[in-house]
Amino acid sequence: MQVIDDYYNYSPFEDYFLASNGQILITAMERSDTYGGLDLYICFKEDNGNWSVPINLGPDINTPAQDFSPFLAPDSKTLFFASEGHGGYGQSDIFFIRRLDDSWLSWSKPVNIGSSVNTSGMDAYYSVPAQGDYAYFASTNGGIENSRDIFRIELPEEFKPEAVLLVKGKVVDQAQSQPISA
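In this report, the structure presented in the accompanying data block is examined. (Residues numbered from 1 in each chain as written. Predicted model: local features only at pLDDT ≥ 70, side-chain atom pairs only at ≥ 80, totals over all residues. Heavy atoms only, no water.)

1. Observations regarding the overall build of the protein chain
- Summing up its helical and strand segments, the protein chain has zero helices and 13 strands in all.
- Tracing the protein chain from N to C terminus, the helices and strands come up as β-β-β-β-β-β-β-β-β-β-β-β-β.
- Judged by the C-alpha coordinates and their principal axes, the protein chain covers about 60 × 40 × 30 Å.
- Among the 182 residues that make up the protein chain, the fraction classed as buried is 44%.
- The contacts in the protein chain between residues at least 6 apart in sequence include a share of 40% that link residues at least 24 apart.
- By element, 51% of the accessible surface of the protein chain is carried by carbon and sulfur atoms, the whole surface being about 10200 Å².
- A gap of 8 Å separates the mean positions of the 11 positive and 25 negative side-chain charges of the protein chain. (Helix = DSSP H or I, 4+ residues; strand = E, 2+ residues; numbered from the N terminus. Buried < 20%, exposed > 50% of the residue type's maximum accessible area, 1.4 Å probe, protein only. Contact = heavy atoms within 4.5 Å. Areas by Shrake-Rupley, 256 points an atom, 1.4 Å probe, with all protein chains shown as cover. Lys, Arg positive; Asp, Glu negative; His and termini not counted. Charge placed at Lys NZ, Arg CZ, Asp CG, Glu CD.)

2. With respect to the packing of aromatic side chains
- Counted under the stated rule, the structure contains 10 aromatic pairs.
- Grouped by ring-pair contacts, the aromatic residues Phe17, Phe71, Phe80, Phe96, Tyr126, Phe137 and Phe151 constitute a single cluster.
- One residue, Arg31, lies across the ring of Tyr8, its end atom 4.0 Å from the ring centre.
- The lysine or arginine in question, Arg31, covers the ring of Tyr41, its NZ or CZ lying 5.9 Å from the ring centre. (Phe/Tyr/Trp six-rings, centres within 6.5 Å; stacked < 30°, edge-to-face > 60°. Lys NZ or Arg CZ within 6 Å of the ring centre and 35° of its normal.)

3. So, the sheet that holds strand E7 (residues 93-98)
- If you walk across this open sheet you meet the four strands as E5-E6-E7-E8, and the pairing is antiparallel. The open sheet has two free edges, formed respectively by strand E5 (67-72) and strand E8 (111-112), since each of these has just one partner strand.
- Taken together, the two bridges between E7 and E8 define a ladder with antiparallel strand orientation. By the bridge assignment for E8, Phe96 is matched with Val111. (Pairing = 2+ DSSP bridges.)

Keep in mind these values describe shape, not function.
Following this line, the structure appears as structure tokens:
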């Protein structure tokens, strides 16, 4: 059983996103170092299979309001999330940031992805498939009795993650005809 070291959450809500490499876990939870409401945290896979103590992504990303719904694009550099505290068009808007170095603690300033997605209601749970042509998200805009519906949009160029190459197969040491482990 995998666990998060020093796990606790003061909120009845939490979100999790496992990066495509299986080594990074981004969470939204409320802890003693939270700036207010849910904050975004990062955990790293440890050698024993557990996850590291959650590290708060800091006040440039997290606000006194709710910051939640993390989605790390397959490029492992572009993070989309929802926030009620960065301002915008409605209850919660979707933002993106880009990782600036390998520390996982240095990010660009949050950018609102704009009115093509964000509405006067709750907009969150944004995701981009590896191909990067479309984005999917949930919104209360147009939902019956404030329900959340799922929408698909063509992804604007300025919000596209870096391209990734998906390869399927075995990598073999040609001299020994043995599989090479990752």
